[in-house]
Amino acid sequence: MHWLMSLLLASVTLGAGFGDASASATPADDGTMTLDLQVEVGDAATVVAHLLDVGGDQQTVTLGSDDDGTYRGRVVTERANFIVVFEALYADGTGRASSPANLLELGVDPEMLGLEPPPLPDDEITGFSAATTRWIWIAIALTALSLALTALWAAGPKPAAKARTATPRQDQEVR
């Protein structure tokens, strides 16, 4: 069930003429990755994927058809969050390009791309810094100690009641 939800969330619709697109990556031997691309295109003769590296080179990958309008391709490349533009070429000589999407949007794991998020500091997880959290625990401990001492005092031994002897008042007569 979880893999189905992640597959649905990982697919992106790229605009007119293009259906859902997705990508997955697996590590290769020399620090590169094997990238699998998939896109749904209706009646195109050929579909290619342009992998654009910001400030780097462009790679073009030809995708093969599954005869059901789904085109797939595989390429071994460096680990980077490429921008992918699919291009459908039709039999009449025209073509259409998809909207650009990066590999993260297409469903590639960020760790595979070397984009592991930094760990959050304590105050972003709990809302309090480590020093504040320490003072909160000290306050809780002191509160518990004061409640325990109050309970001991309330449950402790009571002083014995003194016997009262009747002493006459000055304005009363003694008989």
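Description of the structure in this document. (Residues numbered from 1 in each chain as written. Predicted model: local features only at pLDDT ≥ 70, side-chain atom pairs only at ≥ 80, totals over all residues. Heavy atoms only, no water.)

Together, Asp 20, Glu 40, Asp 67 and Asp 68 make up a region of like negative charge exposed at the surface. Summarising the element assignment, Asp 68 is placed in the loop between β5 (58-65) and β6 (70-77). Assessed through its relative accessible area of 56%, Asp 68 is described here as exposed. (Patch = residues over 30% accessible without salt bridge, like charges linked within 9 Å, V, L, I, M, F, W, Y side chains within 5 Å. Areas by Shrake-Rupley, 256 points an atom, 1.4 Å probe, with all protein chains shown as cover. Salt bridge = Lys/Arg side-chain N within 4 Å of Asp/Glu carboxyl O. Lys, Arg positive; Asp, Glu negative; His and termini not counted. Charge placed at Lys NZ, Arg CZ, Asp CG, Glu CD. Helix = DSSP H or I, 4+ residues; strand = E, 2+ residues; numbered from the N terminus. Buried < 20%, exposed > 50% of the residue type's maximum accessible area, 1.4 Å probe, protein only.)

Enumeration over the complete set of coordinates arrives at 2 salt bridges. The salt bridge partner of Arg 74 is Asp 36, with a shortest N-O separation of 2.5 Å. Taken together, the positions of Arg 74 in strand β6 and Asp 36 in strand β3 (residues 33-41) put the pair 38 residues apart, joining distant regions of the chain. What makes Arg 74 exposed here is its relative accessible area of 59%. Across the pair Arg 72 and Asp 66 runs a salt bridge whose closest N-O atoms are separated by 2.5 Å. The exposure class assigned to Arg 72 is partly exposed, which follows from its relative accessible area of 40%. Judged by relative accessible area, Asp 66 falls into the partly exposed class, the value being 35%.

Let's shift gears to the pairing of β5. Sheet topology note: the strand β4 (residues 46-52)/β5 ladder contains 6 bridges and is antiparallel. Paired with Leu 52 across the strands is Gln 58, a residue of β5. In this structure, the hairpin formed by β4 and β5 is closed by a connection of 5 residues, where Gly 55 is found at a positive phi of approximately 80°. Two elements, β5 and β6, share 2 bridges in a ladder whose sense is antiparallel. Among the inter-strand pairings, Ser 65 is bridged to a residue of β6, identified as Tyr 71. Between β5 and β6, which follow one another and run antiparallel, lie 4 residues, and Asp 67 among them has a positive phi close to 65°. (Pairing = 2+ DSSP bridges.)

What follows deals with a nonpolar patch on the surface. Taken together, the side chains of Trp 135, Ile 138, Leu 142, Leu 145, Leu 149 and Leu 152 make up a nonpolar region of the molecular surface, amounting to roughly 670 Å² of accessible area. Checked against the element boundaries, Leu 149 lands in helix α3 (residues 130-155).

A few words on the side chain of His 50. Considering the arrangement of structural elements, one finds His 50 in strand β4. At 2.9 Å, the side chain of His 50 forms a polar contact with the side chain of Gln 58. (Polar contact = N/O pair within 3.5 Å; in protein donor to acceptor, adjacent residues only side chain to side chain.)

This brings us to the pairing of β3. Counting buried positions over the 9 residues of β3 gives 7, a clear majority of the element. Following strand β2 (residues 18-27), the chain reverses through 5 residues before pairing antiparallel with β3; Gly 31 in that reversal takes a positive phi of roughly 85°. Relative to β6, β3 is paired through 8 bridges, and the arrangement is antiparallel. Bridged to Leu 35 within β6 is Val 75.

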